[in-house]
Amino acid sequence: MRHLLSTADLDVAEAVRILDTAGQMAATQAREIKKLPTLRGRTVVNLFFEDSTRTRISFETAAKRLSADVINFSAKGSSVSKGESLKDTALTLQAMGADAVVIRHHASGAPHTLAHGGWTTGSVVNAGDGTHQHPTQALLDAYTLRRHLVGDGGRADVSGRDLTGLRVAIVGDVLHSRVARSNVQLLHTLGAEVTLVAPPTLVPVGVEAWPARVSYHLDEAIADDKPDAIMMLRVQRERMSSAGGGFFPSPLEYTRGYGLDARRLASLPEHAIVLHPGPMNRGLEISADAADSSRAVIVEQVANGVAVRMAVLYLLLAGGDAPTSSQPGTTNETKVDA
Amino acid sequence: MSTRYLLLDVAPLGGEATDVLLADGVIAVIGEDAQAQAGDDATVLDCHGLVLLPGLVDLHTHLREPGREDAETIRSGTRAAALGGFTAVHAMANTTPTQDTAGVVEQVWRLGREAGWVDVHPVGAVTVGLEGERLAELGAMAESQAQVRVFSDDGKCVHDPVVMRRALEYVKAFDGVVAQHAQEPRLTEGAQMHEGVVSAELGLAGWPAVAEEAIIARDVLLAEHVGSRLHVCHLSTAGSVEIIRWAKSRGIDVTAEVTPHHLILTDELARGYDPVYKVNPPLRTQRDVEAVRAGLEDGTIDIVATDHAPHTREDKDCEWAAAAFGMTGLETALSVVQETMVDTGRMTWADVARVLSTAPARIGRVSDHGRPIAVGEPANLVLVDPAARRTVEPEQQATKSVNSPFRGRDLSGCVIATFLRGRATVLDGSPCDESVVVSR
């Protein structure tokens, strides 16, 4: 793996390997000393053209836990806001010796252009591009699903396992969602069955080519599919306005049709879990009852995000075998200096 | 400049080979007498295996001057046109300042004459500043030295139905035509590529076929209602072909064009996010490519026009959404038509002459181009070697910009020579820079 641009680029073996590596990374995070020396001397640049504090912090934490040097490059207040092109930014980072560039960009395909434009030799990790892909989000979702729903519900060793047979409903603004696109492809690769649930206005033309079923009715989808997990997508309130595209009549109507409230939560199978990529619009796509219920694994997703991003950076930059549990002790780096 | 050219063993319109003598700017002799009458000073060209066509006429060229001389100038663009086999081009109105006054169209016309590579016919804007709100002074442009007959806001659609109706009616006074860029603006806000399976996967905002078809349907009905002539620019979808076919069957006075790139490329090319494939209207699906080929073959689509749209490197060397729409085409158009329509057996060279010369000249009301290959006709001609193969290298082309979608691709056919009123602008596949200088 040279870059991580899209979950469509991962085959099942690669995907499972990332999840397994994330499992090992998570195990090291349970220790008192969380830092591994693996990427010491390597430089990871967080290149964020779009605000996303949570994703940036997650990648930053992951890189630092692996002892990489981290440079945060935010478009705001930088030369990018003065009109510098993606190309010049990339050339600058290349000149500074970035080993990996984690990029968040408002334009779909920008990470692809960065990786293949000949501007940088480092690995490129897509941290969300436009309405295209957000592969580490899908990987952390898959990791979370596997931890809870594969084996006997969490405690058994699930390494090497995929998600065969799991049923996942993805609900909300599929049209504008890179999370949905990444998840549909990855979950399909891992053997899960996906149902997309949204008002017809928020389903892209061309969805018929996706390996997923489409439903316009959340209650029906829950009753018919009995999903093992339900993933609620963020819905931006401005999408209802005429200027925003007029995708639905009102937030209230959206919530009535597609919001996850206490009633719908109760209608899910008992073992089903609730995911959300955050940040949540409480009261719009998810009610406080659902968000704070014991079925919700939303906070855990955040923690798993660090482990998954550690795994991705590790596999891209160190490339070799996963670290053994004894690795930190076999080196001379044992103190926490972050 | 009384250079005489004797073309030996040449095949006019791909038919039976004969000899042709060009003298005093016209076709002087065709047949056995050509050699006898050539005289000693004639330049003799062995044209065995070559096809002779009337000089090509492009109804849709962006020369970028005035305003974006960093992307193309009238000189560089018309030189590229000559190399592509053209003897006349229509320079689109979306320059800076806009070609919406007699002064600007006369400037473009004059610069074209001074360059001397092809005849430049400026297109006039339909509305002031291409804003779509009030008509530009169409009459003044028509009566200017540039004698504008084609009016277009190309790049933007004349979307207001009342403005479009008025434009269609108004140009009747001077036998003009409105060339519509059919794009419903609300349906294409932020649009990046054809809306379909590929856009859904790539997360690029879709440009739906219906946004083109809805405007074409409205416009043919408007043209019928007011009894006007309508030309549809760069039609790109299967549905558009059906609407034009229906309109023609009703007797509506509509003509339509397709670009070379819509005859051969599809939206699958967007998968690499390389903005060289970003164009407006967007590359469509294989089904649409088949439909526009069939439409061109059966005459539903009247002409091929390049929509040659040069852009600087910085406007293409970036992320897809930030890139400009458009691709170059003057130097590859004839090859693409040969490859998609002639080599496949769907059209003859006489058909090629029709769609790339005769019909566009007629639509643009250009009287001395697109003429038959006959004695006494102006010697606006192109010699083509259909057996040649060449690899497209944008850096080697005459256009100032390198945004060709055919980089590295092998294409059929090669322009050997181009003659403008009997004077060679291209010989042996190379531009005749000196003769152009002498002729000024």
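Note that the structure is predicted; figures quoted are calculated from it, not measured.

So, how was this worked out
- Residues numbered from 1 in each chain as written.
- Chains lettered and ligands numbered in written order.
- Predicted model: local features only at pLDDT ≥ 70, side-chain atom pairs only at ≥ 80, totals over all residues.
- Heavy atoms only, no water.
- Contact = heavy atoms within 4.5 Å.
- Buried area = accessible area lost by both parts, 1.4 Å probe.
- Salt bridge = Lys/Arg side-chain N within 4 Å of Asp/Glu carboxyl O.
- pLDDT = per-residue confidence, 0-100.
- Phe/Tyr/Trp six-rings, centres within 6.5 Å; stacked < 30°, edge-to-face > 60°.
- Helix = DSSP H or I, 4+ residues; strand = E, 2+ residues; numbered from the N terminus.
- Buried < 20%, exposed > 50% of the residue type's maximum accessible area, 1.4 Å probe, protein only.
- Lys NZ or Arg CZ within 6 Å of the ring centre and 35° of its normal.
- Pairing = 2+ DSSP bridges.
- Axes fitted to C-alpha atoms, helices over the stretch in contact; angles between N-to-C directions.
- Core = buried A, V, L, I, M, F, W, Y, C linked by side-chain atoms within 4.5 Å.
- Parallel < 35°, antiparallel > 145°, perpendicular 65-115°, else oblique.
- Left-handed = near helix turned anticlockwise from the far one by under 90°.
- Nonpolar A, V, L, I, M, F, W, Y, C, P; charged D, E, K, R; others polar.
- Lys, Arg positive; Asp, Glu negative; His and termini not counted.
- Polar contact = N/O pair within 3.5 Å; in protein donor to acceptor, adjacent residues only side chain to side chain.
- Expected span 1.5 Å × (residues − 1).
- Disulfide = S-S within 2.5 Å.

Caption draft 1: Representation of the interface of chain B and chain A in the model. If you look at the interface, chain B gives 16 residues, while chain A gives 22 residues. Of the roughly 1,400 Å² buried where chain B meets chain A, counting both sides, 53% is carbon and sulfur surface. Sorting the residues of chain B by area buried against chain A places B:A200, B:Y273 and B:E319 first, and these three jointly supply 37% of that buried surface. Across the contact surface, chain B and chain A share one salt bridge.

Caption draft 2: Molecular detail of the confidence of the model for chain B. For chain B, per-residue confidence averages 96 on the pLDDT scale, and residues scoring 70 or more make up 98% of the total. On the interface metric, ipTM, the complex scores 0.88, and its pTM is 0.93.

Caption draft 3: Structural context of the packing of aromatic side chains. Across all of its chains, the model carries five aromatic pairs over all chains by this definition. A ring pair is formed by A:Y254 and A:Y258, whose centres lie 5.5 Å apart and whose planes are at 35°; its orientation type is tilted. Of this pair, A:Y254 and A:Y258 both sit in helix α8 (residues 251-258), four residues apart, which is roughly one turn of that helix. With respect to class, A:Y254 is no different from A:Y258; both count as buried. Among the aromatic side chains, those forming a connected cluster through ring pairs are A:F248, A:Y254 and A:Y258. One cation-aromatic arrangement involves B:K278 over B:F325; the distance from NZ or CZ to the ring centre is 4.6 Å.

Caption draft 4: Spatial organisation of the confidence of the model for chain A. In this model, chain A carries a mean pLDDT of 90, and residues with pLDDT of at least 70 account for 91%. For residues 321-338 of chain A, every residue scores under 50 in pLDDT, and the model assigns this stretch 23 contacts once sequence neighbours within four places are set aside.

Caption draft 5: Structural view of the sheet that holds strand β4 (residues 123-129) of chain A. Residue and element names in this part refer to chain A. If you walk across this open sheet you meet the four strands as β2-β1-β3-β4, and the pairing is parallel. Strand pairing shows two members of the sheet lacking a second neighbour, β2 (69-74) and β4, which therefore form its edges. Averaged over all pairs of adjacent strands, the angle between their axes in this sheet comes to 15°, without regard to strand direction. Alignment of strand β1 (residues 43-48) against strand β3 (residues 100-105), held across five bridges, turns out to be parallel. Bridge pairing links L47 to I103 in β3. In this fold helix α11 (residues 298-317) packs onto β1, β3 and β4, with an angle of close to 150° to the strand it touches most, β4.

Caption draft 6: Spatial organisation of the nonpolar core. Residue and element names in this part refer to chain A. Counting residues in each nonpolar core, the largest one holds 92 residues, and the members touching the most others are L139, L145, L163, I170, I230, L260 and L313. With twelve residues, α11 is the largest single contributor of residues to this core. Those residues in contact with L163, other than ones at most four positions away along the chain, are A142, L145, R146, V150, L187, L190, G191 and A192.

Caption draft 7: The arrangement of the packing of helix α5 (residues 161-170) of chain B against helix α7 (residues 209-226) of chain B in detail. Residue and element names in this part refer to chain B. Orientation of α5 relative to α7, taken along the N-to-C sense of each, is 45°, at an axis distance of 10 Å. By the criterion of interaxial angle, the relationship of α5 to α7 is oblique. Handedness of the crossing formed by α5 with α7: right-handed. When α5 is examined against α7, the residues P161, M164, R165, L168 and E169 are found in contact with a partner set consisting of R218, D219, L222, A223, H225 and V226.

Caption draft 8: How the structure looks around the environment of A:G245. Along the chain, A:G245 falls in the loop between β8 (229-232) and α8. A:G245 sits 44 residues away from A:T201 along the chain, and the two C-alpha atoms are 9.6 Å apart.

Caption draft 9: The arrangement of the packing of helix α5 (residues 135-149) of chain A against helix α6 (residues 178-189) of chain A in detail. Residue and element names in this part refer to chain A. Their axes nearest at 8 Å, the elements α5 and α6 cross at an angle of 55°. The orientation of α5 relative to α6 falls into the category oblique. Along this stretch, α5 crosses α6, giving a crossing that reads as right-handed. Between α5 and α6, the contacting residues are P135, Q137, A138, L139, D141, A142 and L145 on the first element and V179, S182, N183, L186 and L187 on the second. Class assignment of the residues belonging to the contact of α5 with α6 gives a composition of eight nonpolar, three polar and one charged.

Caption draft 10: Main features of unusual backbone geometry. A cis geometry characterises the amide bond from B:T96 onward to B:P97, with omega recorded as 0°. Its location among the elements puts B:P97 in the loop between β7 (86-91) and α3 (102-115). One non-glycine residue, A:S67, lies in positive phi territory at about 70°. Within the element layout of this structure, A:S67 appears in the loop between α2 (53-65) and β2. The backbone of B:Q147 shows a phi angle near 45°, a positive value even though the residue is not glycine.

Caption draft 11: Local environment of helix α2 (residues 74-83) of chain B. All names here are of chain B. Judged by how many residues are buried, α2 sits mostly within the fold: eight of ten residues are covered. The complete set of buried residues in α2 reads I74, S76, G77, T78, A80, A81, A82 and L83. Buried residues along α2 sit in contact with β7, α3, β8 (119-122), β17 (410-420), β18 (423-427) and β19 (430-431). G85 sits one or two residues past α2 and shows a positive phi near 95°.

Caption draft 12: Structural context of the pattern of salt bridges. Following the criterion strictly, the structure yields 38 salt bridges over all chains and no others. Here A:R56 and A:E60 are joined by a salt bridge, their closest N and O atoms 2.9 Å apart. Of the two residues, A:R56 and A:E60 both sit in helix α2, four residues apart, roughly one turn of that helix. Owing to a relative accessible area of 16%, A:E60 belongs among the buried residues under this scheme. One salt bridge in this structure joins B:R218 and B:D219, with 3.0 Å as the shortest N-O distance.

Caption draft 13: Highlighting the side chain of B:D154. Residue and element names in this part refer to chain B. Among the structural elements, D154 can be located in the loop between β9 (150-151) and α5. R64 provides the closest opposite charge to the buried, unpaired D154, separated from it by 7.3 Å. Among the polar contacts listed, one links the side chain of D154 to the side chain of H62, at a separation of 3.0 Å. At 3.1 Å, the side chain of D154 forms a polar contact with the side chain of H181. When neighbours within four sequence positions are excluded, D154 is seen to be in contact with H60, H62, M92, N94, L130, H181, H234 and D307.

Caption draft 14: Structural view of α5(A). Residues and elements named next belong to chain A. The end-to-end C-alpha separation of α5 is 21 Å, in line with the 21 Å expected for 15 residues at 1.5 Å each. Burial analysis of α5 places 13 of its 15 residues in the buried class, the great majority of the element. Phi for G151, located one or two positions after α5, is positive at around 75°.

Caption draft 15: Focus on the sheet that holds strand β6 (residues 56-61) of chain B. All names here are of chain B. The three strands are arranged β6-β7-β8 in an open sheet whose pairing can be described as parallel. Edge strands, defined here as strands with exactly one partner in the open sheet, are β6 and β8. On average, each strand axis in the sheet is inclined to that of its neighbour by 20°, with strand direction left out of account. Where β6 lies against β7, four bridges are found, and the strand directions are parallel. The residue bridging V57 from the neighbouring strand is A88, located in β7. Here α3 sits on the sheet and contacts β7 and β8; the angle it forms with β8, its principal contact strand, is near 170°.

Caption draft 16: Quick look at the state of the cysteines. Throughout the structure, instances matching the rule amount to zero disulfides over all chains. Between B:C414, a free cysteine, and B:C47, which holds the nearest cysteine sulfur, the sulfur-to-sulfur gap is 14 Å.

Caption draft 17: Just the pairing of β8(A), in detail. Residues and elements named next belong to chain A. Alternating residues of β8 divide into A229 and M231 and I230 and M232, and every residue in both groups is buried. Pairing geometry for β8 and strand β9 (residues 273-275), over three bridges, is parallel. Counterpart to I230 in the pairing with β9 is V274.

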